[in-house]
Amino acid sequence: MSAHPGWVLGAWEGAAGADAAALLASLTGVSLEAAAAVDVGSRDGALIEALRDLRGGVVRTVLSCVGCGETLQVPVDLGALPVSPWRAPGAWFSVEVSGRPVVFRLPTSADLQALHGSVADARRALLSLCAPDLAAPVAGSAASAATRAAEAPDPAAATAETATAEGVKAMVDTAMAEGVAADGAKAAAEGATAEGAEASADAEVADAVERAMEAVAESSALTVVARCGECGAHTEAVIDVAVLLWAELRVAALRLLEDVHVLAAAYGWTEPEIFALSPARRAAYLELIG
Ligand SMILES: [Zn+2]
């Protein structure tokens, strides 16, 4: 572990749980509200970097087999996870759909917390939050027109046509996984039928915006696919970086506190004095105490 003990304990103490926005706030020192306004891709990128600082290597994520319900332990190589570049909160992007520009922003933790109901409901709500023009398709409001003028079109939007909507689906899945939607399981079944019913021009525009979001966010790869040894079914799931980080942070923090407890009891040193020791010296003293 290369992370500084003070950093580990501060992050553990500040976050106090596996909430992604709370972890980001704790890691960066910004308010919870500011952290919740960071887009999900940037947020997860920062959490992955913290996880790498904390332990690196391979961590295990736990899935439930879609075929038989068996618990699957899936290794996740932290070094191989794609890290989304950090984007300033509130950035707007633009994509051209059927000759008209549609502005959008990327989903944030606050957006995901506001979602509820079925997957289809969540998807619609997320789009109306992130692409307000879609909710009022006739003409852009003064505010959105001003936003459009203020923002240069993002080059990533040009690649939207080749991207898939998986990223936004993943974001909705993340919201479900975070327990925002109580009826997530039922909703997953509804999702497929809702998809077929949305064969309208609006749905086309929505799809295009989702693809553009995906192209900008580059977050679709934060998924794992595992084959069940019992029934052979393949389970695909979104990696919950916050859960992984919190688990490692908690283990690391409790280990540090134990070190402090043992060294303080033996030598009468204070916590800052103990953390001023290099990890090698700390380990050597702990060994002497036995
Ligand atoms: Zn299975």
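**Thoughts on the overall build of the chain**
Working step 1: Regarding its fold elements, the chain presents 14 helices and six strands.
Working step 2: Within the span of the chain, comprising 290 residues, buried residues form 36% of the whole.
Working step 3: Sequence separation of at least 24 residues holds for 72% of the intrachain contacts in the chain that already meet a minimum separation of 6.

**Some words on the nonpolar core**
Working step 1: Membership of the largest hydrophobic core comes to 36 residues, with the highest contact counts inside it found for Leu23, Leu24, Leu47, Leu51, Val241, Leu245 and Leu249.
Working step 2: Looking at which element gives the most residues to this core, the answer is helix α12 (residues 241-267), with ten residues.
Working step 3: Beyond its immediate stretch of four places on either side in the chain, Leu245 contacts Leu23, Leu47, Ala50 and Leu51.

**Regarding helix α4 (residues 40-54)**
Working step 1: In this model, α4 (15 residues) spans 21 Å end to end at C-alpha, consistent with the 21 Å of a helix rising 1.5 Å per residue.
Working step 2: The element α4 is extensively covered by neighbouring structure, given that twelve of its 15 residues are classed as buried.
Working step 3: Restricting attention to buried positions, one finds in α4 the residues Val40, Gly41, Ser42, Arg43, Asp44, Gly45, Ala46, Leu47, Ile48, Ala50, Leu51 and Leu54.

**Overview of the pairing of strand β2 (residues 71-77)**
Working step 1: Pairing between strand β1 (residues 58-64) and β2: seven bridges, direction antiparallel. When the sheet's bridge partners are listed, Val58 is paired in β2 with Asp77.
Working step 2: Turn length for the β1-β2 hairpin, with the two strands adjacent in sequence and antiparallel, is six residues, and the turn residue Gly69 shows positive phi of about 85°.

**Concerning helix α6 (residues 119-130)**
Working step 1: For α6, which comprises twelve residues, the first-to-last C-alpha distance of 16 Å matches the rise-based estimate of 16 Å (1.5 Å per residue) to within 8%.
Working step 2: Looking at α6, one finds that the buried residues are Val119, Ala122, Arg123, Leu126, Leu127 and Cys130. End-on, the buried residues of α6 take up no more than an arc of 130°, which puts them together on one face.

**Quick look at the confidence of the model for the chain**
Working step 1: When the pLDDT values of the chain are averaged, the result is 78; 75% of them are 70 or greater.
Working step 2: Residue range residues 137-167 is modelled with pLDDT below 50. Its contacts to residues more than four positions away, or to other chains, number 48 contacts.
Working step 3: Counted against residues more than four places away or in other chains, residues 179-199, with its pLDDT under 50, gives 24 contacts.

**A word on unusual backbone geometry**
Working step 1: Even without a glycine there, the phi angle at Ala16 is positive, about 55°.
Working step 2: Checked against the element boundaries, Ala16 lands in the loop between α1 (5-15) and α2 (20-28).
Working step 3: A tally of 12 C-beta atoms within 10 Å means that Ala16 is categorised as exposed.
Working step 4: Of note in the backbone geometry, Ser98 takes a positive phi value of approximately 50° without being a glycine.

**Focus: the environment of Arg87**
Working step 1: Within the element layout of this structure, Arg87 appears in the loop between β2 and β3 (93-97).
Working step 2: A residue is classified by how many C-beta atoms lie within 10 Å of it, and Arg87, with 18 of them, is partly exposed.
Working step 3: For the pair Arg87 and Leu106, spaced 19 residues apart in sequence, the C-alpha separation works out to 9.6 Å.
Working step 4: When residues no more than four places from it in sequence are discounted, the contact partners of Arg87 are Asp39 and Ser42.

**Examining the packing of α4 against α12**
Working step 1: At a minimum axis distance of 10 Å, the contact between α4 and α12 shows a crossing angle of 30°. In terms of orientation, α4 and α12 fall into the roughly parallel class. For the crossing formed where α4 meets α12, the hand is left-handed. Residue-level inspection shows Asp44, Leu47, Ile48, Ala50, Leu51 and Leu54 of α4 in contact with α12, the latter providing Val241, Ala242, Leu244, Leu245, Glu248, Leu249 and Ala252.

**Here we look at the environment of Pro272**
Working step 1: Locating Pro272 in the fold gives a position in helix α13 (residues 271-276).
Working step 2: Classification of Pro272 as exposed rests on a count of 10 C-beta atoms within 10 Å.
Working step 3: A C-alpha to C-alpha distance of 9.6 Å links Pro272 and Pro5, two positions 267 residues apart in sequence.

**Things to note about the packing of α2 against α4**
Working step 1: For the pair α2 and α4, the least separation of the axes is 10 Å and the interaxial angle reads 60°. The orientation of α2 with respect to α4, classified from their angle, is oblique. The interaxial crossing formed by α2 with α4 has left-handed handedness. Contacts between α2 and α4 involve Ala20, Leu23, Leu24 and Leu27 from the first element and Arg43, Ala46, Leu47 and Ala50 from the second.
Working step 2: Tallied by class, the residues present in the contact of α2 with α4 amount to seven nonpolar, no polar and one charged.

**Regarding the environment of Thr28**
Working step 1: The topology assignment puts Thr28 in helix α2.
Working step 2: Its 15 C-beta neighbours within 10 Å are what place Thr28 among the partly exposed residues.
Working step 3: Expressed as a C-alpha distance, the spacing of Thr28 and Ala11, which sit 17 residues apart in the sequence, is 9.0 Å.

Definitions and limits used
Residues numbered from 1 in each chain as written. Predicted model: local features only at pLDDT ≥ 70, side-chain atom pairs only at ≥ 80, totals over all residues. Helix = DSSP H or I, 4+ residues; strand = E, 2+ residues; numbered from the N terminus. Buried ≥ 20, exposed ≤ 12 C-beta atoms within 10 Å, placed from the backbone. Contact = placed C-beta atoms within 7 Å. Core = buried A, V, L, I, M, F, W, Y, C linked by C-beta atoms within 7 Å. Expected span 1.5 Å × (residues − 1). Pairing = 2+ DSSP bridges. Arc of directions from axis to C-beta. pLDDT = per-residue confidence, 0-100. Axes fitted to C-alpha atoms, helices over the stretch in contact; angles between N-to-C directions. Parallel < 35°, antiparallel > 145°, perpendicular 65-115°, else oblique. Left-handed = near helix turned anticlockwise from the far one by under 90°. Nonpolar A, V, L, I, M, F, W, Y, C, P; charged D, E, K, R; others polar.

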